[in-house]
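Listed here are the chains, written in short residue letters.
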Amino acid sequence: MATTVAGCLDLSGEGDDDGEITIGVLAPLGQDQGLGAENSAELAVDEVNEDGGIDGRDVTLEVVDTQSDPGTTQNETERLIEENNADLLVGTFSSEATQGALESIGDYGIPFIITGSASPTLTRDYAGDDYERYKSVFRNGPINSDYQAEAMGDYAEYLNERHGWEEFAFLADNASWTEPFAQQLPGILEDRGFEVVLEDRLQPGLDDWSSVIGELQSTDPDALFRFFAHNVATELLGAWHQEELDFGIEGIHVASMTPDFFDAMQGAASFETTSQSGAAGAAPITEKTQDFVERYQEEFDSPELPMYMGFNTYDAVYVYKNAVERAGTTDYENDLDEIVDAMLETDFTGTAGQIEFYGEDHEYPHDVMEARDEDDRISNFPITQWTPEGDIECVYPEQHRTADHQAPPWMG
């Protein structure tokens, strides 16, 4: 594998004494999302090296544990740059941890591709406010939470068309990435003719879900839109199945993306959905999606799937490779403008979708573009559902659908 031991190297921006290129991965290695990103980066780097490297130079990989902590992320970012002489950084998971990296990224100007954090502030409030300082920062996935909120409005229309659902509840982690959902989604749903019967944001790591379950029972929604990365909500799912609570569970649930989540929940995850880049490999999002998952599973036993951060991290390696080969340089200290210009020319078919970036003058500079279908609905936001058999199906959008969405059978 490509992972190497850290060494003290000069900060030249031109690789180490062997002429190698170093890619640093920032990931929460205590979580499956982080491990999936590490595995996916290793797979990409191995493939790149087998194909001649980047511009004829071998690539080494350095993976560090952010622990989803802003301070740790900042320290590890600086270590990758100063000690490991990284040419590119990719990764991060929580948006708060990403914010911990950005000040150092701005100090050094090293290319950084965000592959796991969705907060729109990471582009809007950094490159958007101080482009020269943060122009080395890009995000290749997922689409930011502002667009995700709009996409959830589109998805609500599909649920209404399929099941007649009109009343929705809204719950979310009290965290940076969910702010756009809290600020926008209730209004988006109401503008489309739906009723929002409950709105609340929950502290990460909530232990007692009894009051939340009680509120859901009393407000009686047709479906719950929940956005959880820091809450696992096993008590909620357990009660939903055991008591046959009369609503669907939709939205985003990061824990549910873990391949063994269905077994860990003893089937109580049946019928819940989550959006995730790459649709867990359930659908051929592009011609590369399922081939990547097969290669991943041949190489790694755990976690069994790369999950959304793995898809985006794998793609980030190739986006960088293609950009710097077009630019003819990896020397970000002296040639950053050439690298940035080449990144902005990206039009790359990845495993999670087509990747293009917004330019300097956009509201979200260097963010991955949202894609839209013929009805102007956002389409690069696939949603998957656990089946009672423990399989994962893609239920939205239409062009990627492998099965129709199922309502819990107790809803009639």
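Since we're looking at a predicted model, the values are computed, not measured.

Colleague: Explain the confidence of the model for the chain to me, and be specific about the residues and the numbers.
Modeller: The pLDDT averaged across the chain works out to 94; a share of 96% of its residues lies at or above 70. Under a pLDDT of 50 for its full length, residues 1-17 has, in the predicted model, 51 contacts with residues more than four places off or in other chains.

Colleague: Explain the sheet that holds strand E1 (residues 21-27) to me, using residue names and the numbers behind them.
Modeller: Backbone-to-backbone hydrogen bonds join strands into a sheet, with any given pair of strands oriented parallel or antiparallel. Read from one edge of the open sheet, five strands run E2-E1-E3-E4-E5, paired in parallel fashion. Each edge of the sheet is formed by a strand with only one pairing partner; in this case those strands are strand E2 (59-65) and strand E5 (137-139). When the angles between neighbouring strand axes are averaged without regard to direction, this sheet yields 20°. Where strand E3 (residues 88-91) and strand E4 (residues 112-114) come together, three bridges link them in parallel fashion. If you follow Val90 over to E4, its bridge partner there is Ile113.

Colleague: Give me the lowdown on unusual backbone geometry, citing residues and values where you can.
Modeller: Phi is mostly negative for residues that are not glycine, and the peptide bonds are mostly trans. In this structure, the amide linkage connecting Gly141 to the following residue, Pro142, adopts the cis form with an omega of -5°. Mapped onto the elements, Pro142 comes out in the loop between E5 and helix H6 (145-163). A cis geometry characterises the amide bond from Ser302 onward to Pro303, with omega recorded as -15°. Looking at where Pro303 falls in the secondary structure, it is placed in the loop between helix H11 (289-299) and helix H12 (307-327).

Colleague: Which residues make up the sheet that holds strand E13 (residues 383-386), and what are the values?
Modeller: Sheet architecture is open: three strands sit in the order E10-E13-E14, paired in antiparallel fashion. In this open sheet, the two edge strands, each paired with only one partner strand, are strand E10 (273-275) and strand E14 (392-396). Taken pair by pair, the neighbouring strands of this sheet meet at an average axis angle of 35°, ignoring direction.

Colleague: How would you sum up H12? Please name residues and give values.
Modeller: Here H12 spans 31 Å end to end across 21 residues, near enough to the 30 Å set by a 1.5 Å rise per residue. Burial within H12 is extensive, with 17 of its 21 residues counted as buried. One or two steps after H12, the chain reaches Gly328, where phi turns positive at roughly 75°.

Colleague: Go over the nonpolar core, please, and point to the residues and values.
Modeller: With 100 residues, the main nonpolar core has Leu89, Met152, Tyr155, Phe168, Phe225 and Phe227 as its most contacted residues. Sorting elements by how many residues they give to this core places H12 first, with 12 residues. Not counting residues up to four positions away in its chain, the partners in contact with Met152 are Phe181, Leu185, Phe225, Phe227, Gly251, Ile252, Ser275, Phe381 and Ile383. Core analysis: the next-biggest nonpolar cluster, separate from the first, contains 26 residues, Ile213, Ala239, Met265 and Trp386 among them.

Colleague: Explain the pairing of E2 to me, using residue names and the numbers behind them.
Modeller: Across the seven residues that make up E2, a large majority, six, are buried. Here seven bridges tie E1 to E2, and the two strands are oriented parallel to one another. Each residue of the ladder has a partner; that of Gly24, found in E2, is Glu62. With helix H1 (residues 32-50) bridging E1 and its parallel neighbour E2, the resulting β-α-β unit is right-handed.

Colleague: A description of empty space enclosed by the protein should follow, citing residues and the corresponding values.
Modeller: Over the atoms, a rolling probe the size of a water molecule traces out where space has been left empty. Under the counting rule described, the total for this entry stands at three cavities of 30 Å³ or more. Its volume calculated, the largest cavity comes out at about 390 Å³. Forming the walls of the largest cavity are 31 residues, and the residues nearest its centre are Pro142, Ile143, Gln148, Ser277 and Tyr308. Of all elements in the fold, only H12 and strand E12 (354-355) reach the threshold of two or more residues within the lining of the largest cavity. Class assignment for the residues of the lining of the largest cavity results in 15 nonpolar, 15 polar and one charged.

Parameters at a glance
- Residues numbered from 1 in each chain as written.
- Predicted model: local features only at pLDDT ≥ 70, side-chain atom pairs only at ≥ 80, totals over all residues.
- Heavy atoms only, no water.
- pLDDT = per-residue confidence, 0-100.
- Contact = heavy atoms within 4.5 Å.
- Pairing = 2+ DSSP bridges.
- Helix = DSSP H or I, 4+ residues; strand = E, 2+ residues; numbered from the N terminus.
- Axes fitted to C-alpha atoms, helices over the stretch in contact; angles between N-to-C directions.
- Expected span 1.5 Å × (residues − 1).
- Buried < 20%, exposed > 50% of the residue type's maximum accessible area, 1.4 Å probe, protein only.
- Core = buried A, V, L, I, M, F, W, Y, C linked by side-chain atoms within 4.5 Å.
- Right-handed = clockwise from strand over helix to strand, strands pointing away.
- 1 Å grid on protein atoms, 1.4 Å probe; cavity = no way out; pocket = protein on both sides within 12 Å on 5 of 7 lines; lining within 4 Å.
- Points joined across faces, edges and corners; volume = space filled by probe spheres on them.
- Nonpolar A, V, L, I, M, F, W, Y, C, P; charged D, E, K, R; others polar.

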